[in-house]
Amino acid sequence: MSGTQTVAVILAVLNEELHIDACLASLVEQTVTPDVIIIADGGSTDETVSRIADWQSDHPDMIHLIDNPHRHQAAGLTLAARATNADVLVRADGHTTFDPTYVSESLDALAGRSRVAVGGSQVGSAQPGPARAIAAAMTSRFAVGPAPYRHRTQAGEVDTVYLGTFRRVDFLELDGYRLLPSGAAEDADFYYRWRQRGWVVEFHPPIRSTYHPRTSYAALFKQFMKYGVAKADMLKLHGRLPHARPLAPVALVVLLAGSGVLFVMTGQPGPLVILLGAWGIGLVGVAASVKGDVATRLGATLATGVIHISYGLGLLKGLMRSARKIRAGTRTF
């Protein structure tokens, strides 16, 4: 157990039969055992709930399943947090497994401190096929940007962390996670509001987890399309982006479309060739920089292209929506 303070792991799931067993195994086998694991299910139609029930039978005092009638992750996490009186909340994710010291390292980083959220390093799993190539692409700054939890090796203050651990009283004072119209970016919105209060978000490398990425390029496209729309939600809600990097995929999509139209209308291929050449150089750089065999490197290149185009299209789509409707559609629980 965690000693003088109680610890709850909270996670929201929906159709996670492929990963929920590994996730829960990693959580119950922590060197510092959480007092409770609250799982909010958003109406899974696969074997997720029955698998959780099996875990409940072995750990009846630790694992608790609640309904998330809103389906979305933001709602499920907030409902899970409200379903416990634990002092500390450790956010988990059904697509993730956690190093045995994840909870203990999180508690050490948080020890004696309030108004602080801590998180750590995330690496991609080495599943075979497209998932391995997608995980390799996630290690490239050209593919996904320089997110601290993927690349940073030094502890320090950051804008956001992957998942995160924080005190429940602070979480509730901030009204928990909000559901944005996109159904995503609840973590970015949460930590933005956290920092707006002058509270601290810190990255600690020893807090380690492994993320299991999408297993197809079509699923990856859908995922990053949604992320792009969510980034527009953030911009419309808060009036600013933390940096200009998310605009690069939009520029790529707009320039590709514009130069393509120019080529069709005038027969001049120059702008399109230059743009594709510059982007291609970056994609070749991804293939050269990631680890793995030839198939993995080529797959990572394809994944990078999918990420750029889908994210750009999503952000462009989101930017076309009115800020008033986005603000009106943002909900707390």
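Just above, that's the structure.
Residues numbered from 1 in each chain as written. Predicted model: local features only at pLDDT ≥ 70, side-chain atom pairs only at ≥ 80, totals over all residues. Heavy atoms only, no water.

For the rest of this paragraph, the subject is the overall build of the protein chain. Secondary structure assignment for the protein chain yields 14 helices and 9 strands. In terms of C-alpha radius of gyration, the protein chain reaches 21 Å, essentially the compact-globule figure of 20 Å for 333 residues. Its C-alpha atoms give the protein chain principal-axis dimensions of about 70 × 45 × 40 Å. Expressed as a percentage of its 333 residues, the buried residues of the protein chain come to 53%. Summing over all exposed atoms, the protein chain offers an accessible surface of approximately 14,700 Å²; the carbon and sulfur share of this is 58%. Separation between the mean location of the 32 positive side-chain charges and that of the 28 negative ones in the protein chain comes to 12 Å. (Helix = DSSP H or I, 4+ residues; strand = E, 2+ residues; numbered from the N terminus. Rg over C-alpha atoms; globule rule 2.2 N^0.38 Å. Buried < 20%, exposed > 50% of the residue type's maximum accessible area, 1.4 Å probe, protein only. Areas by Shrake-Rupley, 256 points an atom, 1.4 Å probe, with all protein chains shown as cover. Lys, Arg positive; Asp, Glu negative; His and termini not counted. Charge placed at Lys NZ, Arg CZ, Asp CG, Glu CD.)

Closest axis-to-axis distance for the helix H1 (residues 20-28)/helix H2 (residues 48-58) pair is 10 Å, and the angle between their directions is 25°. Relative to H2, the element H1 is oriented roughly parallel. Viewed along their axes, H1 and H2 form a crossing whose handedness is right-handed. Residue-level inspection shows Ile-20, Asp-21, Leu-24, Ala-25 and Val-28 of H1 in contact with H2, the latter providing Arg-51, Ile-52 and Trp-55. (Axes fitted to C-alpha atoms, helices over the stretch in contact; angles between N-to-C directions. Parallel < 35°, antiparallel > 145°, perpendicular 65-115°, else oblique. Left-handed = near helix turned anticlockwise from the far one by under 90°. Contact = heavy atoms within 4.5 Å.)

Relative to the elements of secondary structure, Lys-236 occurs in helix H10 (residues 217-238). On the basis of relative accessible area, Lys-236 is assigned to the buried category, the value being 17%. Along the chain, Lys-236 and Arg-321 lie 85 residues apart, while their C-alpha atoms are 8.9 Å from each other. Leaving out residues up to four positions away in the same chain, Lys-236 has contacts with Gly-318, Leu-319, Arg-321, Ser-322, Ala-323, Ile-326 and Arg-327. Within the local environment of Lys-236, its side chain forms a polar contact with the backbone oxygen of Leu-319, the two atoms lying 3.0 Å apart. (Polar contact = N/O pair within 3.5 Å; in protein donor to acceptor, adjacent residues only side chain to side chain.)

What follows is about the pairing of strand S2 (residues 36-41). Side chains on a regular strand alternate between the two faces of the sheet. Within S2, 6 of the 6 residues are buried, leaving the element largely enclosed by the surrounding structure. Alternating positions in S2 separate into two faces, Val-36, Ile-38 and Ala-40 on one and Ile-37, Ile-39 and Asp-41 on the other, with burial throughout. Relative to S2, strand S1 (residues 7-13) runs parallel, the two being bridged by 6 bridges. By the bridge assignment for S2, Val-9 is matched with Ile-37. Note that the unit made of S1, H1 and S2 has a crossover that is right-handed. (Pairing = 2+ DSSP bridges. Right-handed = clockwise from strand over helix to strand, strands pointing away.)

Counting through the fold element by element, Leu-174 comes out in the loop between helix H8 (168-173) and helix H9 (186-196). We classify Leu-174 as buried; its relative accessible area is 4%. Taking C-alpha positions, Leu-174 is 7.6 Å from Arg-193, a pair spaced 19 residues apart along the chain.

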